[in-house]
Amino acid sequence: MKNPINMANALEYSLEYLVIEKKIKKIIIDGKKPRWYGQRLKKVLRDKGISVNKIRTLNDESSAGLRLADALAGFVRSYYDKPTERTTKLYKLLENKITAQLMGGQNAR
């Protein structure tokens, strides 16, 4: 299935406005991308005042963390696209953990 979004522009746009940390050691992007892609992202972040030491692209088969991120992203998309009783129940369990990092700690409800 072909992704309908131009990923280079969408990723640049989202990085400009969502990344708030000023010193980043490493960014890992899922999937094989050409060298210019990483250099372009570095430039966008540098223009925003964010320093990045390394940008790497990895295949999810070589990284357990990327496999976990893919599985979680697929689950959340499934929940939002076509929620069922099972996905709703599981999402409620994970919702607190997903927002904990964004909110700066555990989100007690």
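**Q** What should I look at first to understand the overall build of the chain in this one?
**A** When helices and strands are counted, the chain shows 4 helices and 2 strands. Secondary structure elements of the chain, listed N to C terminal, follow the sequence α-β-α-β-α-α. Residues classed as buried in the chain amount to 25% of the 109 residues present. Restricting to contacts in the chain with at least 6 residues of sequence separation, those with at least 24 account for 56%. Of the roughly 8900 Å² of accessible surface on the chain, a fraction of 56% belongs to carbon and sulfur atoms.

**Q** Would you mind showing me how to read a nonpolar patch on the surface here?
**A** A cluster of nonpolar residues, L72, L90, L93 and L94, forms a patch on the protein surface that exposes about 340 Å² of accessible area. Sort the elements by how many residues they give to the nonpolar patch and helix α4 (residues 85-103) lands first, with 3 residues. Residue placement: L93 occurs in helix α4.

**Q** I would appreciate a short explanation of the packing of aromatic side chains in the present structure.
**A** Within a pair of aromatic rings, the relevant descriptors are the distance that separates the centres and the angle that separates the planes. Under the counting rule described, the total for this entry stands at 4 aromatic pairs. With a centroid separation of 4.0 Å and an interplanar angle of 5°, the aromatic rings of Y79 and Y91 are classed as stacked. Of this pair, Y79 sits in helix α3 (residues 64-81) while Y91 sits in helix α4, placing them 12 residues apart in sequence. Here Y79 matches Y91 in class, with each residue buried. When its relative accessible area of 8% is taken as the criterion, Y91 is described as buried. Of the aromatic side chains, those joined through ring pairs into one cluster are Y79, Y80 and Y91. One Lys or Arg, K33, reaches over the ring of Y37 and ends 5.8 Å from the middle of that ring.

Definitions and cut-offs
Residues numbered from 1 in each chain as written. Predicted model: local features only at pLDDT ≥ 70, side-chain atom pairs only at ≥ 80, totals over all residues. Heavy atoms only, no water. Helix = DSSP H or I, 4+ residues; strand = E, 2+ residues; numbered from the N terminus. Buried < 20%, exposed > 50% of the residue type's maximum accessible area, 1.4 Å probe, protein only. Contact = heavy atoms within 4.5 Å. Areas by Shrake-Rupley, 256 points an atom, 1.4 Å probe, with all protein chains shown as cover. Patch = residues over 30% accessible without salt bridge, like charges linked within 9 Å, V, L, I, M, F, W, Y side chains within 5 Å. Salt bridge = Lys/Arg side-chain N within 4 Å of Asp/Glu carboxyl O. Phe/Tyr/Trp six-rings, centres within 6.5 Å; stacked < 30°, edge-to-face > 60°. Lys NZ or Arg CZ within 6 Å of the ring centre and 35° of its normal.

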